[in-house]
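Chain and residue survey
Chain residues, written in single-letter form:
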Amino acid sequence: MTDEKRRAAIKVLIAKRTATNTASPAAARAALIEEGIYTKDGELRATFGGPDEKATRAV
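Owing to the predicted nature of the structure, the values given are computational and were not obtained by experimental measurement.

Quick look at the packing of helix 1 (residues 3-21) against helix 2 (residues 25-34) now. Running from N to C, helix 1 and helix 2 cross one another at 120°; their axes reach a closest spacing of 7 Å. Considering the angle they form, helix 1 stands oblique to helix 2. Where helix 1 approaches helix 2, its residues Arg17, Thr20 and Asn21 are matched on the opposing element by Ala27, Ala28, Ala31 and Glu34. Along the lines of polarity and charge, the residues of the contact of helix 1 with helix 2 split into 3 nonpolar, 2 polar and 2 charged.

What follows is the structure, encoded as structure tokens:
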């Protein structure tokens with residue numbers, strides 16, 4: 001497989017994944033949770049700008 005063919009195949013896979021992940025709000029949310037951007041509770045992870053877990057923990 002040449003570099004051009006590999007790039008084209010990757011672009012096709014990215015387009016398919018994007019179409020699947022943006023098919024509905026529920027699919028988008030599930031994809032973000034699966035990728036680790038959101039928690040299972042639907043909260044944004046601290047790494048991506050959500051609340052800092054250390055700050056909310058009881059001392």
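The rest of the description comes next.
Residue position: Asn21 is located in helix 1. Ignoring sequence-local partners within four residues, the contact set of Asn21 consists of Ala27, Ala28, Ala31 and Glu35.

Attention now moves to the packing of aromatic side chains. Following the criterion strictly, the structure yields 0 aromatic pairs and no others. Note that Arg29 overlies the ring of Tyr38, its terminal NZ or CZ placed 4.6 Å from the centroid.

Attention now moves to the side chain of Thr39. Position of Thr39 relative to the elements: it lies in the loop between helix 2 and helix 3 (53-56). Take Thr39: its relative accessible area is 17%, and that puts it in the buried class. Non-local contacts of Thr39, meaning those with residues more than four positions away in its chain, are made with Ile33 and Arg45.

This part covers the pattern of salt bridges. Throughout the structure, instances matching the rule amount to 4 salt bridges. The partner of Arg6 in a salt bridge is Asp3, with the nearest N and O atoms 2.9 Å apart. Residue Arg6 and its partner Asp3 are located together in helix 1, separated by 3 residues, close to a single helical turn. Classification of Asp3 as partly exposed rests on a relative accessible area of 44%. The residue Glu4 makes a salt bridge to Arg7 at a minimum N-O spacing of 3.3 Å.

Calculation notes
- Residues numbered from 1 in each chain as written.
- Predicted model: local features only at pLDDT ≥ 70, side-chain atom pairs only at ≥ 80, totals over all residues.
- Heavy atoms only, no water.
- Axes fitted to C-alpha atoms, helices over the stretch in contact; angles between N-to-C directions.
- Helix = DSSP H or I, 4+ residues; strand = E, 2+ residues; numbered from the N terminus.
- Parallel < 35°, antiparallel > 145°, perpendicular 65-115°, else oblique.
- Contact = heavy atoms within 4.5 Å.
- Nonpolar A, V, L, I, M, F, W, Y, C, P; charged D, E, K, R; others polar.
- Phe/Tyr/Trp six-rings, centres within 6.5 Å; stacked < 30°, edge-to-face > 60°.
- Lys NZ or Arg CZ within 6 Å of the ring centre and 35° of its normal.
- Buried < 20%, exposed > 50% of the residue type's maximum accessible area, 1.4 Å probe, protein only.
- Salt bridge = Lys/Arg side-chain N within 4 Å of Asp/Glu carboxyl O.

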